[in-house]
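Descriptive analysis of the structure
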Amino acid sequence: MTISTRRSPLSVDTLRDAVRGRVIGPDDPDYDAARTVMYGGSDRHPAAIVRVADTDDIARVIAIARESGLELAVRSGGHSASGQSICEGGIVIDVRDLTGLDIDVANRTAWAGSGLTTGEYSTAAAEHGLATGFGDTGSVGLGGLTTGGGVGYLGRKHGLTIDNLLAAEIVTADGQVLTADAEKHPDLFWAIRGGGGNFGVVTKFKFRLHDVSSFIGGILVLPATAETVAGFIAAAEAAPEELSTICNVMPCPPLPFVAEEHHGSIVIFGMLAWAGDIDEGQAALAPFRALATPLADMVRPSPYPEMFPPEDPDYHPTAVSRTMFMDHVDLPVAETIMRFLEASDASLRVAQLRVLGGAISRVPADATAYAHRASKIMVNVAAFYEGEADKPIREAWVAEFSAALNQGDSGAYVNFVGDEGEARVRAAYPGATWDRLARIKAEYDPDNVFRLNQNIPPATTAAGS
């Protein structure tokens, strides 16, 4: 079979001869499974998917893509909110086989392959009572999550994932294999800490690890009212930094541990994570339990990886969403949240609220490419849609809801931005952050080879646009 391109034909067999890893083409039986990503609604057909074995494979595939004119996508866990883990007609560099993990328990560091999922890494580290903070889903790949920032369960205590990144190995657009850290290629190291996949293919990360041998976590389900929503956020803001929370205000799923009479009603589906002394943690959790009689309380001392419950690999929801930052959630704001959620009939709709601050806010805004250190609350508004005819209805609801919540913070968290256009990418990288990223892009990827992402064009192109 021959892949047709604008510059020259490229056969899948030629690609197979060039790499050690496996090349999956449209004629292979597992092609459809290999091109499937987490979110539904994406049906792209790459010419070839290369499950790379090492940095040499990646360099060769980059060269082949450049020579042939084929578009290049990079996939780790396949959770790209904009669906750009897969391309149409191009080549996918799939790093899922780069799963090496070397944990240095004495020095509390780990070198981890970018194909590992956050759940796999966390489970292995927990055998030593250690963890690095990632997001909130165990099937997310380290590659995309880390380069976008990483806002998760240990954030207030230990910062973002990128705040615990010590070094990275990366293959750049010209095929060089570089190790970037605070001393070697410091601009590149700055850029990949929040700048996404714009600068190359990261093959492994060196992370700092933290003691989580004393940990409390789990799900707290409360009835949702304006008072309990505002109270939950107030309690999260007042809590010690050892506590990080996610407040999902949403219809209650048909969970076996929640009485059936509450299924479908609007609830607070709270995720609470305490990294510290158990007795102090129980005291810090008491204000949340006092907001209302819990419908379910699964919060208990447990191993940290239990924060990542099992997932259905066949679950591919179709959803529209909007990410933003807010300054406060008082009673009037909570009333707005409840009004919008109660007015919608989407099968699932949610306002997800994450109180930030703590260690996240103590990092200077210009220290990494994640510039939203002063933002207090991260919000993600989302609704599932059922088919293309339903999509515009849900998009309108999300747009109206997010506009009603807007408090003047125009920023966005890049890992939650979908296919929303350049203005939203710029919102993730305000002002001088965008300018610096564009200059670094011009140095390491002047031809914008890595453009299937929340793209930052090279400085010359950015100036021209």
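What you are looking at is a predicted structure, and each value in this text was computed from that prediction instead of being measured.

**Digging into the overall build of the protein**
Within the protein one finds 14 helices and 21 strands. Relative to the globule expectation of 23 Å for 465 residues, the C-alpha radius of gyration of the protein, 22 Å, shows essentially globular dimensions. Based on the C-alpha atoms only, the size of the protein along its principal axes is roughly 65 × 55 × 45 Å. A total of 465 residues make up the protein; the buried ones form 57% of that total. Within the protein, residue pairs in contact and separated by at least 24 positions form 72% of the contacts whose partners lie at least 6 positions apart. Within the protein, the 60 negative side-chain charges are centred at a point lying 5 Å from the centre of the 37 positive side-chain charges.

**So, the pattern of salt bridges**
Within this structure, the stated rule accounts for 26 salt bridges. Between Asp447 and Arg66 there is a salt bridge whose closest N-O contact spans 2.4 Å. Of this pair, Asp447 sits in the loop between α13 (432-444) and α14 (459-464) while Arg66 sits in helix α3 (residues 55-68), and the two are 381 residues apart along the sequence. Of the residues examined, Arg66 reaches a relative accessible area of 29% and is grouped as partly exposed. What emerges from the salt-bridge pattern is a single network uniting Asp13, Arg16 and Asp28.

**Here we look at the pairing of strand β12 (residues 201-208)**
Every other side chain in a regular strand lies on the same face of the sheet, so the side chains alternate between the two faces. Bridging between strand β8 (residues 109-113) and β12 involves five bridges; their strand directions are antiparallel. Each bridged residue has a counterpart across the sheet, and for Trp111 the counterpart in β12 is Lys206. Here strand β10 (residues 165-171) pairs with β12 via six bridges, running antiparallel. Note on β12: the bridge partner recorded for Ile170 is Val202.

**Overview of the pairing of strand β15 (residues 243-251)**
Counting buried positions along β15 gives nine out of nine residues, so the element sits mostly inside the fold. Bridge count between β15 and strand β16 (residues 266-275): nine bridges; the pairing is antiparallel. Among the inter-strand pairings, Ile246 is bridged to a residue of β16, identified as Met271. Across three bridges, the pairing between β15 and strand β20 (residues 349-355) is antiparallel. By the bridge assignment, Cys247 is partnered in β20 with Leu353.

**What to know about the sheet that holds β8**
Think of a sheet as strands paired side by side through backbone hydrogen bonds, with each pair either parallel or antiparallel. One open sheet holds the five strands; their spatial order is β7-β8-β12-β10-β11, and the pairing between them is antiparallel. For this open sheet the edge positions go to β7 (101-104) and β11 (177-181), each flanked by a neighbour on one side alone. Direction aside, neighbouring strands of the sheet carry axes that sit 15 degrees apart on average. Against the sheet, α3 contacts β10, β11 and β12, and its axis sits at roughly 50 degrees relative to β10.

**With respect to unusual backbone geometry**
For Arg108, which is not glycine, the phi dihedral falls at a positive 55 degrees. Inspection of the secondary structure assignment puts Arg108 in the loop between β7 and β8. For Arg108, a relative accessible area of 37% corresponds to the partly exposed category. Look at His185: it is not a glycine, yet its phi comes out positive at around 50 degrees. With respect to the helices and strands, His185 occurs in the loop between β11 and α7 (186-192).

**Some points on the sheet that holds strand β6 (residues 91-94)**
Strand order in the open sheet made by the four strands is β3-β4-β6-β5, with mixed pairing throughout. For this open sheet the edge positions go to β3 (22-24) and β5 (72-75), each flanked by a neighbour on one side alone. For this sheet, the mean angle separating the axes of adjacent strands, direction not counted, is 20 degrees. Direction of pairing for β3 relative to strand β4 (residues 48-51): antiparallel, over a ladder of three bridges. By the bridge assignment, Arg22 is partnered in β4 with Arg51. Helix-sheet contacts for α3 involve β4, β5 and β6, and the interaxial angle to β6 is about 165 degrees.

Criteria and thresholds
Residues numbered from 1 in each chain as written. Predicted model: local features only at pLDDT ≥ 70, side-chain atom pairs only at ≥ 80, totals over all residues. Heavy atoms only, no water. Helix = DSSP H or I, 4+ residues; strand = E, 2+ residues; numbered from the N terminus. Rg over C-alpha atoms; globule rule 2.2 N^0.38 Å. Buried < 20%, exposed > 50% of the residue type's maximum accessible area, 1.4 Å probe, protein only. Contact = heavy atoms within 4.5 Å. Lys, Arg positive; Asp, Glu negative; His and termini not counted. Charge placed at Lys NZ, Arg CZ, Asp CG, Glu CD. Salt bridge = Lys/Arg side-chain N within 4 Å of Asp/Glu carboxyl O. Pairing = 2+ DSSP bridges. Axes fitted to C-alpha atoms, helices over the stretch in contact; angles between N-to-C directions.

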